[in-house]
Every structure is written in C-alpha cells, then in structure tokens.
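Read off the chains here:
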Amino acid sequence: MATTTAAQRREQARVEYDAFLKSCPTNQLLDRISDKWVGLVVSALAPGPLRYSDLGRKIAGVSPKMLTQTLRSLERDGLLTRTVTPSVPVRVDYALTPLGQNLALLLTAVKDWAETHFDEVREARVRYDADSPGVQK
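Note that this is a predicted model, so its numbers are computed, not measured.

Definitions and cut-offs
- Residues numbered from 1 in each chain as written.
- Predicted model: local features only at pLDDT ≥ 70, side-chain atom pairs only at ≥ 80, totals over all residues.
- Heavy atoms only, no water.
- Salt bridge = Lys/Arg side-chain N within 4 Å of Asp/Glu carboxyl O.
- Helix = DSSP H or I, 4+ residues; strand = E, 2+ residues; numbered from the N terminus.
- Buried < 20%, exposed > 50% of the residue type's maximum accessible area, 1.4 Å probe, protein only.
- Core = buried A, V, L, I, M, F, W, Y, C linked by side-chain atoms within 4.5 Å.
- Contact = heavy atoms within 4.5 Å.
- Axes fitted to C-alpha atoms, helices over the stretch in contact; angles between N-to-C directions.
- Parallel < 35°, antiparallel > 145°, perpendicular 65-115°, else oblique.
- Left-handed = near helix turned anticlockwise from the far one by under 90°.
- Nonpolar A, V, L, I, M, F, W, Y, C, P; charged D, E, K, R; others polar.

(A) Up close: the pattern of salt bridges. Enumeration over the complete set of coordinates arrives at six salt bridges. The partner of Lys111 in a salt bridge is Glu115, with the nearest N and O atoms 3.3 Å apart. In this pair, Lys111 and Glu115 are both assigned in helix 6 (residues 98-131), four residues apart and thus about one turn of the helix distant. We classify Lys111 as partly exposed; its relative accessible area is 27%. With a shortest N-O distance of 2.5 Å, Arg122 and Asp119 are connected by a salt bridge.

(B) Region of interest: the nonpolar core. With 22 residues, the main nonpolar core has Leu45 and Leu55 as its most contacted residues. Only helix 3 (36-45), helix 5 (64-76), strand 3 (91-96) and helix 6 provide two or more residues apiece to this core. For this core, the element with the highest residue contribution is helix 3, accounting for six residues. Residues contacting Leu45, with those up to four places away along its chain left out, are Leu50, Leu55, Leu80, Tyr94, Leu96 and Gln101.

(C) Quick look at the packing of helix 3 against helix 6. Look at helix 3 against helix 6: their axes get within 8 Å of each other, and the N-to-C directions meet at 110 degrees. With respect to helix 6, the axis of helix 3 lies roughly perpendicular. When you trace helix 3 past helix 6, the crossing you get is left-handed. Contact residues: Val38, Gly39, Val42, Ser43 and Leu45 in helix 3; Gly100, Gln101, Leu103, Ala104, Leu107, Thr108 and Lys111 in helix 6. Residues of the contact of helix 3 with helix 6, tallied by class, amount to six nonpolar, five polar and one charged.

Below, the structure written as structure tokens:
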C-alpha cells in the first residue's frame, strides 16, 4: 500500500474538483464570484484603483455595509488589495491583483453582455408573459 504526501493528496483533490457538488470548494468560489456586487466591484476596478467613496458612487444602490463586506471578501480571496495612505483624512485605495484582473476579464464581459442584450431579454420576457396565462408579471 503506497502512502501519499499531503502535497500529493492536495493535487489529487485539485484534479477532482467538481463545481457541481455543493461540498466542493470550487462550488463555494463560484457562489462568491457570481454575486452581483462582486461582479460590479471587480468591473469597476478593472480600469484601475479607486477609493472607497468613488466605488460607492460608481456602483448605484450598494449600501456601505454591502460594499465593505464585498471588498473584505475580495481581499480575503486575493482578488484585490487595500492600500491605506496615512493622511488627513486617511486615504484608502482598492486595486485588483493579477488574479482579480484575470477574473475582471470575465465579469466585465458578462456586464457588457447584459448591457448589450437587455432589450432582447426584456422582449423575450414580454412574449413569455403574454403567452403564459397565470404567470405573475
């Protein structure tokens, strides 16, 4: 019976990742990055660093609490950095890491797709609702 090292077990688990399984870490990561606020924050930071207040203004409807939670989770996941510059008042800048920039390519494409195709989706919804009696609108 051959023994395996911890590194070998981790590599085997990585090969066996299956995002369709609820218990798989990749499923949890997909849940995180598919969050609406994550997509908007990452897309907003794609062109370059922004201050907290600039992000809050750029992303309509995000509450300060939700923005803070989203930024903390992205920092924890290694997708952005938080840089504090001592001044009066203190300046805090957020920027994507290389991993975050890589994700931004995908999430910005999804945002752009939604902006480009929303009229088609709206028309499909109207047709569906008209053809489906009893469907709540």
